[in-house]
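If you want the building blocks of each chain, they are given just below.
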Amino acid sequence: MQVINSVKEMKQVRQKLTGTVGFVPTMGFLHEGHLTLVRRAKRKNDVAVVSIFVNPTQFGPGEDLQQYPRDTERDLALLEKEGVDIVFMPTPNDMYPDSYNTWVETSGITKRLEGKKRPGHFRGVTTIVNKLLNIVLPHKAYFGQKDAQQLRVIQKMVADLNMHVRIVTVTTVREKDGLAMSSRNIYLNDEERKAALVLYKVLSVAEELYMRGEHDAARIKVKMTGLINKESLAKIDYISIANSDTLEELTYIDHPALISMAVKIGTTRLIDNRTIG
Ligand code: AMP
């Protein structure tokens with residue numbers, strides 16, 4: 001496994017690669033969710049490239065950029081075990097030198113849900129993903145459904161900018177009890193870890209209501225809100241039932257819908273989602 005720390009070297013190495021390249025961008029502190037993407041990339045391509053980069057431009061003021069969990073040694077051992085060919089770990093300064101001046105911004109869907117709550121977040125995401133794709137030039141890039149809006153924003157960017165890469169979606173990997181795996185789960189203490197299950201539970205309840213014939217989005221949201229509010233450690237940031245393509249809020253569910261939410265458990269902000277219909 002080759003570990004590359006500079007953009008220049010990554011571009012040089014890329015030029016010499018032959019066959020199909022599968023790419024998994026991550027912010028590290030890897031878990032089974034990430035590794036599922038990695039395995040898919042490895043199995044379906046001749047060369048598997050994984051990046052580890054905690055992208056500063058997608059964190060807002062007061063967010064957890066400084067505290068974001070990092071364990072490079074462990075990450076590299078896990079990736080080595082998976083048979084990854086190349087790990088690209090650039091420095092922030094190499095990605096964003098002082099002279100840096102170019103931003104990629106997708107409008108429309110980035111103003112909703114996460115984008116509304118975290119202004120500037122998706123501009124950071126689209127910019128870094130664009131840069132990484134330009135450096136690694138993969139045939140396919142793998143993203144998790146866990147970050148459903150991010151996935152749609154990237155699909156939109158790739159379509160709008162006529163990029164060559166194929167975006168592959170991987171379903172959310174969960175802990176045995178249903179909690180979606182996330183690097184941020186490490187922030188939770190035992191009590192919060194138990195409380196965090198409420199996200200999965202209310203998604204299941206929402207789906208069940210829908211399956212039983214409830215198509216009124218407001219009524220489903222009221223039920224979800226009530227259940228989350230019963231959990232004393234949980235505080236709702238938003239709950240959304242939206243058209244799964246445009247992410248526009250639905251009043252009546254007559255189209256595949258993305259139920260998504262951000263909930264603070266103590267000081268940790270968690271997101272989860274499910275597609276219904
Ligand atoms: P991150 O390191 O959080 O930026 O995530 C890197 C990639 O892994 C993104 O495409 C995420 O959507 C994906 N990912 C994170 N958690 C999960 C999960 N539990 N299941 C599937 N994919 C995930």
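1. With respect to the sheet that holds strand 9 (residues 268-276)
Here we have three strands laid out as an open sheet, ordered 7-8-9, and antiparallel in their pairing. Sheet topology places strand 7 (234-243) and strand 9 at the edges, where each strand pairs with a single neighbour. On average, adjacent strands in this sheet sit at an angle of 15° to one another, irrespective of strand direction. Where strand 8 (residues 257-265) meets strand 9, nine bridges bridge the pair, whose relative direction is antiparallel. If you follow Met-261 over to strand 9, its bridge partner there is Asp-272. Running over the sheet, helix 9 (residues 197-211) touches strand 7, strand 8 and strand 9 and is turned about 20° from strand 9. The strands touched by helix 10 (residues 217-229) within the sheet are strand 7 and strand 8, with strand 7 carrying the most contacts at an inclination of about 160°.

2. Considering the sheet that holds strand 3 (residues 47-52)
With respect to topology, six strands assemble into an open sheet ordered 1-4-3-2-5-6, the strand pairing being parallel. At either end of the open sheet lies a strand with only one pairing partner, and these are strand 1 (2-4) and strand 6 (166-170). For this sheet, the mean angle separating the axes of adjacent strands, direction not counted, is 25°. By the bridge criterion, five bridges tie strand 5 (residues 140-144) to strand 6 in an arrangement that is parallel.

3. Let's talk about the site of the ligand
Residues in close proximity to the ligand total 17 residues, the closest being Met-27, His-34, Asp-147, Val-173 and Met-181. Gly-144 places a main-chain nitrogen or oxygen 3.0 Å from an oxygen atom of the ligand. Within the backbone of Val-173, an N or O atom sits 2.8 Å from a nitrogen atom of the ligand. A total of 490 Å² of accessible area belongs to the ligand in isolation, and the protein chains cover 92% of it. Looking at the shell around the ligand element by element, the count peaks at three residues for helix 2 (residues 32-44). Across the shell around the ligand, the residue classes tally to seven nonpolar, eight polar and two charged.

4. What about the domain arrangement of the protein chain?
On domain assignment, one finds that the protein chain holds domain 1 (2-170) and domain 2 (183-272). Contact with domain 1, which involves 21 residues of that partner, is made by 18 residues of domain 2. Overall, the association of domain 1 and domain 2 removes approximately 1,600 Å² of surface from exposure, summing both partners, and the carbon and sulfur fraction of that is 55%. One salt bridge in this structure joins Asp-64 and Arg-184, with 2.7 Å as the shortest N-O distance. At the surface where domain 1 touches domain 2, the tally comes to nine residue pairs in polar contact (both at pLDDT 80 or more). When residues of the side of domain 1 that touches domain 2 are traced back to their parent elements, those giving at least two are helix 5 (113-117) and helix 7 (148-160). A breakdown of the residues in the side of domain 1 that touches domain 2 according to their chemical character gives seven nonpolar, six polar and eight charged.

5. So, the pairing of strand 9
Judged by how many residues are buried, strand 9 sits mostly within the fold: seven of nine residues are covered. The hairpin turn running from strand 8 into strand 9, its antiparallel successor, is two residues long, and Gly-266 in that turn takes a positive phi close to 65°.

6. Considering the pattern of salt bridges
Two side chains with opposite charge may pair up if their charged atoms get near one another. Applying the stated criterion across every chain, the model contains 17 salt bridges. Between Glu-214 and Arg-219 there is a salt bridge, and its shortest N-O distance comes to 3.0 Å. Given a relative accessible area of 52%, Arg-219 falls into the exposed group. Across the pair Lys-221 and Glu-249 runs a salt bridge whose closest N-O atoms are separated by 2.9 Å. Residue Lys-221 is found in helix 10, and its partner Glu-249 is found in the loop between strand 7 and strand 8; the two are separated by 28 residues along the sequence. In this structure, a network of salt bridges that share partners links the residues Glu-63, Glu-114, Lys-117, Arg-118, Asp-237 and Arg-269.

7. Quick word on the packing of aromatic side chains
Counted under the stated rule, the structure contains five aromatic pairs. Ring centres of Phe-59 and Tyr-68 lie 5.9 Å apart, and the angle between their planes is 75°; on these two criteria the pair is classed as edge-to-face. Here Phe-59 matches Tyr-68 in class, with each residue buried. With a centroid separation of 5.1 Å and 90° between ring planes, the pair formed by Tyr-96 and Tyr-100 is classed as edge-to-face. Overall, the relative accessible area of 12% leaves Tyr-96 in the buried class. Above the face of the Phe-29 ring, Arg-74 is positioned so that its terminal group lies 6.0 Å from the ring centre. Positioned above the aromatic ring of Trp-103 is the side chain of Arg-123, whose terminal nitrogen or guanidinium carbon lies 4.1 Å from the ring centre.

Calculation criteria
Residues numbered from 1 in each chain as written. Predicted model: local features only at pLDDT ≥ 70, side-chain atom pairs only at ≥ 80, totals over all residues. Heavy atoms only, no water. Pairing = 2+ DSSP bridges. Helix = DSSP H or I, 4+ residues; strand = E, 2+ residues; numbered from the N terminus. Axes fitted to C-alpha atoms, helices over the stretch in contact; angles between N-to-C directions. Contact = heavy atoms within 4.5 Å. Near = heavy atom within 4 Å. Polar contact = N/O pair within 3.5 Å; in protein donor to acceptor, adjacent residues only side chain to side chain. Areas by Shrake-Rupley, 256 points an atom, 1.4 Å probe, with all protein chains shown as cover. Nonpolar A, V, L, I, M, F, W, Y, C, P; charged D, E, K, R; others polar. Domains from an automatic or database assignment. Buried area = accessible area lost by both parts, 1.4 Å probe. Salt bridge = Lys/Arg side-chain N within 4 Å of Asp/Glu carboxyl O. Buried < 20%, exposed > 50% of the residue type's maximum accessible area, 1.4 Å probe, protein only. Phe/Tyr/Trp six-rings, centres within 6.5 Å; stacked < 30°, edge-to-face > 60°. Lys NZ or Arg CZ within 6 Å of the ring centre and 35° of its normal.

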